[in-house]
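Understanding the architecture of this molecule
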Amino acid sequence: MTNEGRLIIFSAPSGCGKGTMLAEILKDDHFYCSVSATTRQPREGEVDGVNYHFLTTESFKQKIDEDAFLEYARYCDNYYGTLTSEVDNRLKAGINVILEIEVQGAMKVMEKRHDALSVFIAPPSVGELRRRLNKRGTETQEVIDKRVRAALDELPYAANYDYIIVNDALEDAVDDFFAVIRAEQLKKNVQRKFIDEVIENA
Ligand code: 5GP
């Protein structure tokens, strides 16, 4: 029998390096990042079914009525949601499923799935966050200001997560993530089965 995979909530304000961290983590094929549904327009280079399932507002609402979402939230005038079909079969197959979602959706998953592991990625400082957003060079100053304000709104939610990883240096942050996963695997409720087996086979 395969062990079930772990549901992992992974949240970070914009500019925290979540994308680069995930790209590293997903090199390990024990991890899968759930493809969310959204009503926002695809950005250049984004592919339907790979980056997101791009839906019309009408079909998104239809999926809400069909109870197809584990969670959904409205963020910056668009809907975003995690399809249960992205998650449950993979968990059963032993794959760890990462939900890259914002804080409101994360709170909903924490309420519904008590066994979910939650990780919040924080910037080392607001100055550094601003510097990274500026460096991207893709956004206007107004958008950057808006994202910095949004990050400040999101930071207090970090206290609701199981772990907080500060992404100062990418490699260290990725190491910290795998350290969290390892620590979780060594928790007594997971290891107890092993101890029981040792006693049974004595
Ligand atoms: P973006 O439009 O930049 O791709 O994503 C905007 C925000 O939506 C990000 O903070 C991202 O984590 C969040 N997001 C993406 N997918 C989901 C989802 O399925 N549910 C929720 N609640 N948030 C999501």
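Placed above this text is the structure.
Remember, predicted model here, so these are calculated numbers, not experimental data.

Scanning the model with the defined rule gives 13 aromatic pairs in all. Judged by centre distance (5.5 Å) and plane angle (80 degrees), the ring pair of phenylalanine 177 and phenylalanine 178 falls under edge-to-face. Accessibility expressed as a relative area gives 27% for phenylalanine 178, which makes it partly exposed. Put simply, the rings of Phe10, Phe31, Phe177 and Phe178 pair up and form one aromatic cluster. Seen from the ring of tyrosine 32, arginine 90 lies directly overhead, with NZ or CZ sitting 3.8 Å from the centre. Note that lysine 108 overlies the ring of tyrosine 72, its terminal NZ or CZ placed 5.1 Å from the centroid.

So, on to the sheet that holds strand β3 (residues 37-38). Read across the sheet, four strands follow the order β4-β3-β6-β5 without closing on themselves; strand pairing throughout is mixed. Each edge of the open sheet is held by one strand with a lone partner, namely β4 (53-54) and β5 (69-75). In terms of strand pairing, β5 meets strand β6 (residues 78-83) through six bridges, oriented antiparallel. If you follow alanine 73 over to β6, its bridge partner there is tyrosine 80. Docked against the sheet, helix α3 (residues 84-92) engages β4, β5 and β6, running at close to 20 degrees with respect to β6.

Before going further, it helps to spend a moment on the sheet that holds strand β2 (residues 31-33). In sheet architecture, strand pairing relies on hydrogen bonds along the backbone and comes in two forms, parallel and antiparallel. Taking strand neighbours across the sheet as the criterion, the five strands line up as β2-β7-β1-β8-β9 in an open arrangement whose pairing is parallel. Of all strands in the sheet, those with a lone pairing partner are β2 and β9 (163-166), marking the two edges. Each strand axis lies, on average, 25 degrees off the axis of its neighbour in the sheet, ignoring direction. Pairing analysis gives four bridges linking strand β8 (residues 117-122) to β9, with the strands arranged parallel. Note that in β9 the partner of phenylalanine 120 across the bridge is isoleucine 164. Helix-sheet contacts for helix α4 (residues 103-112) involve β1 (7-11), β7 (96-100) and β8, and the interaxial angle to β1 is about 155 degrees.

Further remarks concern the side chain of glutamate 128. In this structure, glutamate 128 sits in helix α5 (residues 126-136). Of the polar contacts made by the side chain of glutamate 128, one reaches the side chain of arginine 131; its length is 2.9 Å.

This brings us to a nonpolar patch on the surface. Together, Phe194, Ile195, Val198 and Ile199 make up an exposed nonpolar region whose accessible area comes to about 400 Å². By the element assignment, phenylalanine 194 lies in helix α8 (residues 188-200). Its relative accessible area of 48% is what places phenylalanine 194 among the partly exposed residues.

Moving on, we get to the nonpolar core. Of all hydrophobic cores here, the largest spans 24 residues; its most connected members are Ile8, Phe10, Met21, Ile98, Ile121 and Phe177. For this core, the elements supplying multiple residues, two or more each, are β1, α1 (18-25), β2, β8, α5, α6 (141-154) and α7 (170-185). It is α7 that provides the largest number of residues to this core, a total of five residues. Ignoring sequence-local partners within four residues, the contact set of isoleucine 8 consists of Phe31, Asn96, Val97, Ile98, Leu99, Leu117, Val119, Phe177 and Ile181. With 18 residues, the next largest nonpolar core counts Leu91, Leu99, Met110 and Ala122 among its residues.

On to the packing of α1 against α7, then. At a minimum axis separation of 10 Å, α1 and α7 run at an interaxial angle of 55 degrees. Comparing the axis directions of α1 and α7 gives the class oblique. Relative to α7, the crossing made by α1 is right-handed. Where α1 approaches α7, its residues Thr20, Met21, Glu24 and Ile25 are matched on the opposing element by Leu170, Ala173, Val174, Phe177 and Phe178.

Turning to the pattern of salt bridges, a few remarks are in order. With the rule as written, the count across this model stands at ten salt bridges. Arginine 6 is paired through a salt bridge with glutamate 184; the nearest N and O atoms lie 2.8 Å apart. Taken together, the residues arginine 6 in the segment before β1 and glutamate 184 in helix α7 connect sequence positions 178 residues apart. Accessibility expressed as a relative area gives 8% for glutamate 184, which makes it buried. With its nearest N and O atoms 2.8 Å apart, the salt bridge here joins aspartate 145 to arginine 130. Residue aspartate 145 is located in helix α6, and its partner arginine 130 is located in helix α5; the two are separated by 15 residues in the primary sequence. Accessibility expressed as a relative area gives 26% for aspartate 145, which makes it partly exposed. Connected via shared salt-bridge partners are Arg6, Glu184 and Lys187.

Rules used throughout
- Residues numbered from 1 in each chain as written.
- Predicted model: local features only at pLDDT ≥ 70, side-chain atom pairs only at ≥ 80, totals over all residues.
- Heavy atoms only, no water.
- Phe/Tyr/Trp six-rings, centres within 6.5 Å; stacked < 30°, edge-to-face > 60°.
- Buried < 20%, exposed > 50% of the residue type's maximum accessible area, 1.4 Å probe, protein only.
- Lys NZ or Arg CZ within 6 Å of the ring centre and 35° of its normal.
- Pairing = 2+ DSSP bridges.
- Helix = DSSP H or I, 4+ residues; strand = E, 2+ residues; numbered from the N terminus.
- Contact = heavy atoms within 4.5 Å.
- Axes fitted to C-alpha atoms, helices over the stretch in contact; angles between N-to-C directions.
- Polar contact = N/O pair within 3.5 Å; in protein donor to acceptor, adjacent residues only side chain to side chain.
- Patch = residues over 30% accessible without salt bridge, like charges linked within 9 Å, V, L, I, M, F, W, Y side chains within 5 Å.
- Areas by Shrake-Rupley, 256 points an atom, 1.4 Å probe, with all protein chains shown as cover.
- Salt bridge = Lys/Arg side-chain N within 4 Å of Asp/Glu carboxyl O.
- Core = buried A, V, L, I, M, F, W, Y, C linked by side-chain atoms within 4.5 Å.
- Parallel < 35°, antiparallel > 145°, perpendicular 65-115°, else oblique.
- Left-handed = near helix turned anticlockwise from the far one by under 90°.

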